[in-house]
Structures are given as C-alpha cells and as structure tokens.
2 protein chains.
Amino acid sequence: MTEILPNFLKNRASLTPDREAIVYKNERLTFKELYERAYHYAGILTAFGIKDKDYVGFLVKNDLETVLHLYAMQIIGAKAVLLNNRLTVKEMAYQLSDANASYLITEENFQEQAIQLEEELVISIFYKEKLEDNPYIEPIEKRQLHLDDTCTIMYTSGTTGLPKGVIQSYGNHWWSAVGNTLNAGLYEKDTWLCAVPLFHISGYSILMRSIIYGMKIVLHDSFDEKKVLADLWKEKVTIISVVTTMLQRIEHVASDRFPDYFRYMLLGGGPATIDLLTRCMKKEIPVYYSYGMTETSSQIVTLSPEDSIRKIGSAGKPLFPAQLKIVNHSGETLEPNEVGEITVCGPNVSKGYLNKDNHLKDGWFFTGDIGYTDSEGFLYVLDRRSDLIISGGENVYPAEVEAVLTDMEGIREAAVIGIPNNKWGQVPIAFVAKEKSMLTEQQIINNCENSLAKYKIPKRIFFVTEVPRNASGKIVRRELRKWVEEQADFSL
Amino acid sequence: MTEILPNFLKNRASLTPDREAIVYKNERLTFKELYERAYHYAGILTAFGIKDKDYVGFLVKNDLETVLHLYAMQIIGAKAVLLNNRLTVKEMAYQLSDANASYLITEENFQEQAIQLEEELVISIFYKEKLEDNPYIEPIEKRQLHLDDTCTIMYTSGTTGLPKGVIQSYGNHWWSAVGNTLNAGLYEKDTWLCAVPLFHISGYSILMRSIIYGMKIVLHDSFDEKKVLADLWKEKVTIISVVTTMLQRIEHVASDRFPDYFRYMLLGGGPATIDLLTRCMKKEIPVYYSYGMTETSSQIVTLSPEDSIRKIGSAGKPLFPAQLKIVNHSGETLEPNEVGEITVCGPNVSKGYLNKDNHLKDGWFFTGDIGYTDSEGFLYVLDRRSDLIISGGENVYPAEVEAVLTDMEGIREAAVIGIPNNKWGQVPIAFVAKEKSMLTEQQIINNCENSLAKYKIPKRIFFVTEVPRNASGKIVRRELRKWVEEQADFSL
C-alpha cells in the first residue's frame, strides 16, 4: 500500500499559515489565505456539480484565479485535465473526450473555443470570471490523500501520433519535489519564479513544490525577460524555471551581476547549446540543466551544483529517488559510452496513460530518447524520442503532424522534421507526396489550422515523389535532414 | 506496493562521490571511500556467514568502524539489532534471543559481555578489531530496496515491562529524513555533529540523513561539550543533535557567539525546561525542540524556525508527512486545549514490533504520552507515556524496573517513579513492600545489577507496607511523587 499523507495545501496552511505563498501582479497571499480562498472555490465548484474523482478540463492562462481553481481540485479530490491553451478546438475535443471530462474550467479569453467544445461534447463550462455568480455548497474536503491517487492529466503525443493522457499521481509530484530538494537543497528564503505555463509540468510542478516546501511563488502571466529580471530583484527570487529560448533572452538582456541570493535557473524542456551555457557561466548565471518529460513529472536527471562546469553539456545524474539505464534494442543494459535508448524508473515516473495498457516494463519507462552515460554516470542526451521537435519549449511530434497531413484528401504520404531556428530553437517542416492533386503549399498549411496548434504547423512544405523509408517502412528522417543541410540558401 | 529506491549509500556514492561524508578523529572519508570501505566490510561479513535478511546484533560504541559495519549491513540487506551498550548481559540476551539474532558484531571493549552472551545463546561473535583477519567473499549487493524492507531493530520497553523490538524500515528512516528537510531546510554546506549514541534512533537517524542528503557527519565517540564546541568551529558544523543534559552543558560552557553558519540544535529525547530554552535564546543558540520516539524513527513533531520564540515550551507541529491527534479514552478526537493521549501517524511511524501483533489502530500509533494542542495546533507534552523516566536522555520504564524488583525473593510488590536530578534530569527510585524478609536497601540495589542497566537501577529504595493502587489495581504513582515532594530534606 502506498503512503497516506495529509492533503498538501491544507497541511501547509496549518504548518506555516503566515508565510507568503504566492505573488501575482499586485496580489499577495499567505498559505492560510491561499487555502481559504481555494476552499471557497472548492465550495462553488461543488455546487456546480464537480465531485471527487471527476476529470475536469482546464483551458486557462497563468493567473492567480487559475492557481486557486487548480488547488480547489486538490481539496475536492477532482483530477485536472490540463489543456495546452494553444491547441485547436479539434485537438482539445479529442483530449477532453478521451479523459471523459464532464466539466471544463475556462476563462473569457477562450470563450470562442469553449462554445465550440460545448457544441461538440457533453460538457459543462465554468468561466473563472463568473465564480461569484454561482451558488456555494460546503465542499467534501479530502483531508488525506493516497500517494497513488491521480492528481493531474497532461496529454503528450508519441510515435503513434495520437495524444495520450499521462496520469500524474500525488506521489509522482511529491517525489519529484523531494528529489529536487535532495539535489538542489531547500533554503528558508527560497522563492520560485514561474513564467512557464501552469498547464505544462514545468509550471504545475512549481505549484506542488510551493505547498510541499512552504515556498513563495512569483507567478507571471507570460514570459517577459525584462519583467523576470525586475522581479528577480524586487521579490528576491532564488530560482527560475526556464526553457532554452527563455534563458537565451534572459542572458541577452542581463547586464548586472545576479544578486547573491539567486540560486539557479532550472533549465528543462529540450536541448541547450554549450555556447548558451558558456555565456551564462561567463555572466555568473548558475544554470542547472535538466532532462525530463511529462511522464517523469518534471526533471528526472539534473546536473548537480558541483558538476555544472566540469560536465557542461551533460544533463547530469538521476535525482536521488530515480534510476537511469541505457539499453539496446533487446533491452539489455549497455556499458558507459555506448549509445542506446534512455530508460528511467523511480517514484516520480507516471504509472501509465489514461485508457491505455501499462507502459512500464518491470517498472522502467522507455523514453524513446537516445543517449549515453560517461564513465562517471553523467547522462548525455543525443536525440529526443520519436525525432521530437522542440519549438519554443513546446513538443511537436512528427507522427502527429504526419497523421494530420496524410488524412488530407490528395496527400499520399508525408514526413515531418524539425530544422534549426534562431528564435524557437526548432520549427517543423514537411515533405509531402501528393496523389494526382493540385494542392498547393499554402492550401496544405491552411488546412492544418483546424487540426493543429500553430506551433505544430509546418512552416514549409516540400513536394516529393516519395518519402524515404527503410526496409521496415519507417521514415528515414535523417535523409531529409541531410537534404536540408545541403541547401545552402535555405533559411526560415 | 511501496516504492523501490536505489540502495541509499551506493546511490549517494554514485551521485556525489567526492563530497566529504564523515569525519572521525583524524580520519575523513568521501562518499565514494565510505561506500568502498563498507562494501569491503560487507564482503568480510558475507564470508563470516551473514546474509540478506539475517538479524545481526550490534554491541558497539560510536566510531568509524561501527559506522562502516552498519552501512555494510545495508549493502547486504541484513538487519541491525542495535543494543544499548549500557544494558546488562541478561537484558542483551533477552533482546538478541527475541530477535533471533545468530550473529553479534562487537568490539574488545565488550569482550566480557560477548563471552557471556556466547555461553547463553547460539550466536557467532564478530570482533570489529579482527576484521582483516577474516576471509573475504564478494558480497551479494542489494542494489535496490523496497521502502518497507526492515533496516534496523531497536528495543524499547512499554507498560508491560518487557522490551519490544521496534521494526524500523528503510521507508521509516527515509520519510523521517525527508520530513526533517521540509521543516528545517537543506543547505549545501550542512554538516551534522553526532555525539549521541549510534545505537539510539537519535544517532542512527544521522547516518541515514547523511547518505540521503549527501551531508557530512562529524562523529564523536562520546559527548564532551568542549570537544563539541571545538569542532563546531573547526569543521563548520551547522547542526547538532542533543538531549537536554547535553544542551545544558553546552549552554553552560558556551562563551562566544555561535558562528553565523551554525543553523540549529535538534533537541529531543525528553522534556526541556523553559529556563534552559530561554538561556539558549539569550545566547543566540538556535534550538529546535522536538518530540519523537524510537517508534517514530526520530522526531515527529518539531518547533519550526518562525515559532521558536513565540511558542517556547511547545514541541511544535508535526513534520509535513505526519499527522497528530489528541484523543480521549474512547479514542475520540479532542478539541484544542483538551488534554488527552497523543496519537500520531505517518510514513515515518514503525509498522510494529518484532513477534508482536500490529500495534497501530487504523494507522495511528497511540504513544501513551499525555498532552494537548493549542488553538493554532502546537503540541504541548505534559507527561511521557507509562510514567516514563528520562535519565540523561535514556528511557527508563517503571514497569520494567518493577518487574525485576517483584521477581526478587522477599519482595511482594514495588512501585518506581522518577525524581528530579540536577545532573541527569531524572533518576529512578523505588517503593517496595517486603514479604517477611530481612532484605536491606543495599541488597536490593545489588541484586538489580545483573538484570538492569546502571541508569535503570533505583537510586533509593523506600520500604512501605503496601503500594498505593486505584480501584482497577493500577499503581497511583502521583501519590508517591507527592510524598517525595513533601519530604523537605529529601535530595539525591
């Protein structure tokens, strides 16, 4: 039996009621206030019909109201299905329907999408702005939680092209928070700035750390490097979560030396160039480069303080509770410096996907990513899984984009790859083999707009007679990448 | 199913091999060296016959060799039965026999006791000093551990008078270490001075924290306040575990202001006077007063940094993963400020005693201690369980001493209480009703020496015609304490 713990937020409010919990624009709440307001919201959501164990969609931006609604879910014991708010209505509808969500919490920013979702699905829409217009019923509070209770669902695509709902338990989030502390320490004045989306694990994990550690969050509605630097001084921020593009922009504008209390940038969400890491080092911006994914509930491998210079470019070593293995095609563990698939296990690793069979093999999660460890056990990630494209910190799965393209009338086959881009790190492009058809590049791109979030739509379409495939019919993307590299005048 | 984690010491050595792990006199080991030496010891103990799941007695003092042998147990997966080295041979024999221990690891200091134990029990004795005279067999290393695997056994007595072996799992130790961190933080330079016995949970828990946190221990063979203060500066110690008598002695000799890097004294093992806590406050010695016991694998309730002044005298609030309830005789939860029995639950609480039925009620441990919480949830401990006497940080259970006394020929009944003592906090005294017998006070005291550790032997014996009892036959100790208080010329 997994462990039973007191409900995190209530417990935190009872242990350190007067500590500051969150700052958002001009609002500041202590843990006691945070709990009391979230409790009030839980009562209104209860009156709206939301109960323990319901799956509740969230289509929201970062703000204090979003945070309160998310904590309200934990008070009731309802599960939040966090939608990437850049998805198309079609993509959202698929996820809400797969999760069997009967409720959607959203805001006026997304009214248009919400109305369309209401037409397509049997779902009740709750607008954050209209909270106080609703009745209140005393909520049935979950005072204790089992660590294997489901807390959140976040969708991620894989090789199949169909998004899968990653089940993140309270235990997954707990162990992730504890693993971070055992690696990076926990200081009395720690203050974590969150300018990453709360619907991503990068953002949501900060909410969990806050109530587990008793630590202040400085929440931003979006990322603006100048505002980040301003709050770094004003709010005495000690930790900031960033993806590569954010770190680039911060490094670019940072002129003053960072204050002594600043502890680190937690860098995740994709590869960083050694050049960027070196520039940060020169400006004395401490960076903890990490490797993780939705399925590992945030970082699982992180470069430790003492190794950040000597092992620059490595993603580091596993967090204390986790384990790492590089395996070959037969699943056999490889020796140091041998390249293979990265597999991980640990209590922060999701036990599975919604409505899917268990995906772990003897407790190990096969990431699909390629890498090796050096003789000291440091991980080097060579290639993200499924030729994953990471564009501005968002994951784009080629298989998902290819499935949309080949579904279009007039297209026989399609292959998608990422190419380097100064602003976003990478952007997707597609190679398309048409049936007898007059389809143009622009028509195909336009057709994608209903089915794919903007960052997933190929920026260019190249027509080919056929897509290169290997003997077993798998697309050989490296040939396409090679072709792109050979186009001297090619730029995006 | 509870979680599976990598074996703590091996994992720590792999994550931060070059960090300093332990300092003892002139020896210093990094985590890599600590692991390699413990691994070597594991091989020698394997050749000696010790295997996974064996119960292995430890009759040792604090030194580096003891630490290495204790970690060697964890490498093999054998369970250490930690004997209080002040016990009599009879007491030790009872515990080793109850734990079915076939091996005893000891040292020449305890040769006399070991020889007697070998005569009484079927047990193989291993002397630490003779380590290298023994053969070596590659050990079968436990690379992973289930958090519910048993790690250590420590005996404690209760109302029955017979010591019971508290089963402490790896998970109990893990959650205790994590709970401490979430309360007190974890700093990169944390260094924990251990001058408490390793056979107590106060000492053993420091070994666990060291490998879980990656934190240096400064180990002392015994408590000497001047040596503690010397190392505080020399080794840049940030945390020290103390019992009340130790803190008194440190406070007494401390003349300089403590260095800024010093973080706190973790005070456990019994009540402290408000006078002492106030004196420490005046000298700016930060003290975290805590409440815990062998069954909770160290502290479970601790006074937080921000409350240490405002709530002086309180034991604080539960550690984050734990919960606290005050109940009445029927087991109903009481309101704040109502006095009742202290009950606790949490993943650091032992699941039970060796060879005994499960002692938890719905997961809650009934401590037998009496106290209340105030309106803010702070615990105040009024009376330790079973009229527990705490003498120099060691627990003395009246029932255990009474059982030895009434077993003596010529004694009909006996009652034991603790009385205040300047040096030890408390010492035990006894009230004895004789059968027709010529027994003298000195004879009774002498007779105790075979059966009771020195600190448990009554310092005075008073002869009475009968012991005061209530209607249900229970000894009314408060009447005896009242009688003692009325003796103006009484002192010990």
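- If you look chain A up in an unreviewed UniProt entry, it shows as 2-succinylbenzoate--CoA ligase from Niallia alba.
- In UniProt, chain A has this text filed under Sequence similarities (unreviewed entry): "Belongs to the ATP-dependent AMP-binding enzyme family. MenE subfamily."
- Turning to chain A, the UniProt annotation filed under Catalytic activity (unreviewed entry) states: "2-succinylbenzoate + ATP + CoA = 2-succinylbenzoyl-CoA + AMP + diphosphate".

Examining helix α4 (residues 89-98) of chain A
Residue and element names in this part refer to chain A.
Part 1: Counting buried positions over the 10 residues of α4 gives 7, a clear majority of the element.
Part 2: The complete set of buried residues in α4 reads Val89, Glu91, Met92, Ala93, Gln95, Leu96 and Asp98.
Part 3: Residues of α4 that are buried sit in contact with β4 (55-59), β6 (103-106), α5 (111-120), β9 (150-156), β10 (164-169) and α11 (398-407).
Part 4: Backbone geometry just downstream of α4 places Asn100 in the positive-phi region, at approximately 55°.

As for the packing of aromatic side chains
Part 1: Applying the stated criterion across every chain yields a total of 32 aromatic pairs over all chains.
Part 2: Ring geometry for Tyr264(A) versus Tyr288(A): centroids 4.4 Å apart, planes at 5°, classification stacked. Note that Tyr264(A) is positioned in strand β14 (residues 264-267) and Tyr288(A) in strand β15 (residues 287-293), a separation of 24 residues in sequence. Neither residue differs from the other here; Tyr264(A) and Tyr288(A) are each classed as buried.
Part 3: Pairing Phe320(A) with Phe8(B) gives two aromatic rings, centres 6.0 Å apart and planes at 55°, and the pair type is tilted. Taken together, the residues Phe320(A) in the loop between β17 (317-318) and β18 (323-327) and Phe8(B) in helix α1 (residues 8-15) connect one chain to another.
Part 4: For Phe320(A), a relative accessible area of 2% puts it in the buried group.
Part 5: According to the relative accessible area criterion, Phe8(B) is buried, its value standing at 0%.
Part 6: Cluster of aromatic residues (ring-pair linked, three or more members): Phe8(A), Tyr170(A), Trp174(A), Trp175(A), Phe320(A), Phe8(B), Tyr170(B), Trp174(B), Trp175(B) and Phe320(B).
Part 7: The aromatic ring of Tyr127(B) is capped on one face by Lys130(B), whose charged end is 5.0 Å from the ring centroid.
Part 8: Above the face of the Trp364(B) ring, Lys325(B) is positioned so that its terminal group lies 4.1 Å from the ring centre.

A few points about the interface of chain B and chain A
Part 1: The partner chain A presents 38 residues to the 38 residues of chain B that form the contact.
Part 2: Of the roughly 3,400 Å² buried between chain B and chain A, counting both surfaces, carbon and sulfur atoms make up 56%.
Part 3: Taken together, the links from chain B to chain A amount to 0 salt bridges.
Part 4: On inspection of chain B and its partner chain A, the count reaches 11 residue pairs in polar contact (both at pLDDT 80 or more).
Part 5: Put simply, the parts of the chain that give the side of chain B that touches chain A at least two residues each are β1 (4-6), α1, α6 (170-184), α7 (201-213) and β17 (317-318) of chain B.
Part 6: Considered class by class, the residues forming the side of chain B that touches chain A number 23 nonpolar, 8 polar and 7 charged.

A few points about the relation of the copies chain B and chain A
Part 1: Superposing chain B onto chain A takes a rotation of 180° plus a shift of 0.0 Å along the axis, which leaves an RMSD of 0.0 Å. A rotation of that kind, with that shift, is consistent with a two-fold axis.
Part 2: In this assembly, 100% of the residues forming the interface of chain B have copies in chain A that are likewise at the interface, indicating an isologous arrangement.

A closer look at the sheet that holds strand β22 (residues 379-383) of chain B
Residue and element names in this part refer to chain B.
Part 1: Within the open sheet, the 4 strands sit side by side as β18-β19-β21-β22. Their pairing is antiparallel. Sheet topology places β18 (323-327) and β22 at the edges, where each strand pairs with a single neighbour. Strand-to-strand twist in this sheet, taken as the mean axis angle between neighbours without regard to direction, amounts to 50°.
Part 2: For strand β21 (residues 365-373) and β22, the ladder comprises 4 bridges, and the chain directions are antiparallel.

Observations concerning the environment of Glu188(B)
Part 1: By secondary structure assignment, the location of Glu188(B) is in the loop between α6 and β11 (191-194).
Part 2: The spacing of Glu188(B) and Tyr213(B) is 25 residues in sequence and 9.3 Å in space, taken between C-alpha atoms.

Points about helix α6 (residues 170-184) of chain A
Residues lying three or four places apart along an α-helix face the same way, a consequence of the helix completing one turn every 3.6 residues.
All names here are of chain A.
Part 1: A rise of 1.5 Å per residue sets the reference length of α6, with its 15 residues, at 21 Å; its end C-alpha atoms lie 21 Å apart and thus fit the reference within 8%.
Part 2: In terms of burial, α6 is a largely internal element, 15 of the 15 residues being buried.
Part 3: Phi turns positive one or two residues past the end of α6, at Gly185, with a value near 80°.

Reading the values: rules and limits
Residues numbered from 1 in each chain as written. Chains lettered and ligands numbered in written order. Predicted model: local features only at pLDDT ≥ 70, side-chain atom pairs only at ≥ 80, totals over all residues. Heavy atoms only, no water. UniProt positions renumbered as here; feature names shortened; annotations may be inferred. Buried < 20%, exposed > 50% of the residue type's maximum accessible area, 1.4 Å probe, protein only. Helix = DSSP H or I, 4+ residues; strand = E, 2+ residues; numbered from the N terminus. Contact = heavy atoms within 4.5 Å. Phe/Tyr/Trp six-rings, centres within 6.5 Å; stacked < 30°, edge-to-face > 60°. Lys NZ or Arg CZ within 6 Å of the ring centre and 35° of its normal. Buried area = accessible area lost by both parts, 1.4 Å probe. Salt bridge = Lys/Arg side-chain N within 4 Å of Asp/Glu carboxyl O. Polar contact = N/O pair within 3.5 Å; in protein donor to acceptor, adjacent residues only side chain to side chain. Nonpolar A, V, L, I, M, F, W, Y, C, P; charged D, E, K, R; others polar. Least-squares fit on C-alpha atoms with pLDDT ≥ 70 in both. Pairing = 2+ DSSP bridges. Axes fitted to C-alpha atoms, helices over the stretch in contact; angles between N-to-C directions. Expected span 1.5 Å × (residues − 1).

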